[in-house]
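# Notes for the structure review
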Amino acid sequence: ATKDRLDAISYIELPTDIIDVSGINMDKTYEISLGSYVPNGYKIVSSSPNFSVEVKVLRRVGIFIPYEKIEIKGAKDLYDYDIVRKAQGINVYVIGEKDKAEKLNVSHFYPTVSVAGKNIGTHTIKIDLNLVDEEDYEIEEDVYLDVIVSEKPTEPETEEPETEEPETEEPETTSDDKVE
């Protein structure tokens, strides 16, 4: 084909039924030959007119993270920080390749919440889940929790009781005392 004719082609349309993903439960690679899909008057001159399509089976898994595992970062000594607990923890849903996602558990997460710059009040803050190998997974949706920031109670100053030195009585001596 001439350059002008080649420039007119921006894509080659493939029928949707050449890759059937219905009912697959494991990864699968499809080999597709482009030769039969190019328009009339064109031919593929590549040494390999085939290409591969790799289909990965994804799995959605739910992981329960207890509140005790969530670290509060950026706290000031002046304030108390309390997580509003609506249950025993939070549920996180992760999507990833089946083989990897099925092995996920709570130990793969290092959740933190940053309270830096938060003043007294209730704040809804996004949890940074810090998922190990995060590039292999997609967190289904962001997870938030409420943190109450309050002033730390001041401890009352306690006065130390005055300690008096005990009075020691010296025995009275009189001239009538005999010393032997």
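What counts, and where the lines are drawn
Residues numbered from 1 in each chain as written. Predicted model: local features only at pLDDT ≥ 70, side-chain atom pairs only at ≥ 80, totals over all residues. Heavy atoms only, no water. Salt bridge = Lys/Arg side-chain N within 4 Å of Asp/Glu carboxyl O. Patch = residues over 30% accessible without salt bridge, like charges linked within 9 Å, V, L, I, M, F, W, Y side chains within 5 Å. Areas by Shrake-Rupley, 256 points an atom, 1.4 Å probe, with all protein chains shown as cover. Lys, Arg positive; Asp, Glu negative; His and termini not counted. Charge placed at Lys NZ, Arg CZ, Asp CG, Glu CD. Buried < 20%, exposed > 50% of the residue type's maximum accessible area, 1.4 Å probe, protein only. Pairing = 2+ DSSP bridges. Helix = DSSP H or I, 4+ residues; strand = E, 2+ residues; numbered from the N terminus. Axes fitted to C-alpha atoms, helices over the stretch in contact; angles between N-to-C directions. Core = buried A, V, L, I, M, F, W, Y, C linked by side-chain atoms within 4.5 Å. Phe/Tyr/Trp six-rings, centres within 6.5 Å; stacked < 30°, edge-to-face > 60°. Lys NZ or Arg CZ within 6 Å of the ring centre and 35° of its normal.

Applying the stated rule across the entire model yields nine salt bridges. Connected via shared salt-bridge partners are Asp 27, Glu 54, Lys 56 and Glu 97.

This next bit is on a negative patch on the surface. A surface patch of like charges, here negative, comprises Asp 128, Asp 133, Glu 134 and Glu 135. Note on Glu 135: relative accessible area 66%, which makes it exposed.

Moving on, we come to the sheet that holds strand β6 (residues 89-97). The strand order β3-β6-β9 describes an open sheet built from three strands, whose pairing is antiparallel. The strands lining the two open edges of the sheet, one partner per strand, are β3 (58-66) and β9 (137-139). Strand-to-strand, the axes of this sheet are offset by a mean angle of 30°, without reference to chain direction. As judged from the nine bridges shared by β3 and β6, these two strands associate in the antiparallel manner. Bridge pairing links Arg 59 to Gly 96 in β6.

What follows covers the nonpolar core. Residues Ile 70, Ile 90, Val 92, Val 94, Phe 109, Leu 145 and Val 147 are the most contacted members of the largest nonpolar core, which totals 25 residues. Among the elements of the structure, β3, β5 (79-83), β6 and β10 (144-151) are those that each provide at least two residues to this core.

Another point: the sheet that holds β5. Pairing in this open sheet of three strands is antiparallel, and the strands run β5-β10-β8 from one edge to the other. Only two strands of the sheet have a single neighbouring strand rather than two, namely β5 and β8 (121-126). Each strand of the sheet is rotated relative to its neighbour by a mean of 30°, with strand direction disregarded. Examined bridge by bridge, β5 and β10 share five bridges and lie antiparallel to one another. Bridging from a neighbouring strand, Tyr 79 pairs with Glu 151 of β10.

Before going further, it helps to spend a moment on the packing of aromatic side chains. Pairs of aromatic rings are described using the distance from one ring centre to the other and the angle between the two planes. For the coordinates displayed, the defined rule picks out one aromatic pair. Plain terms: the ring middles of Tyr 79 and Tyr 81 are 6.3 Å apart, the flat faces sit at 90° to each other, and that makes the pair edge-to-face. No difference in accessibility class separates Tyr 79 from Tyr 81, as the two residues are buried. The ring of Tyr 93 is capped by Arg 60, whose NZ or CZ atom sits 4.1 Å from the centre of that ring.

Attention shifts here to the pairing of β10. Sheet analysis places β8 next to β10, joined by six bridges and oriented antiparallel. Pairing of Gly 121 across the sheet is with Val 149, part of β10.

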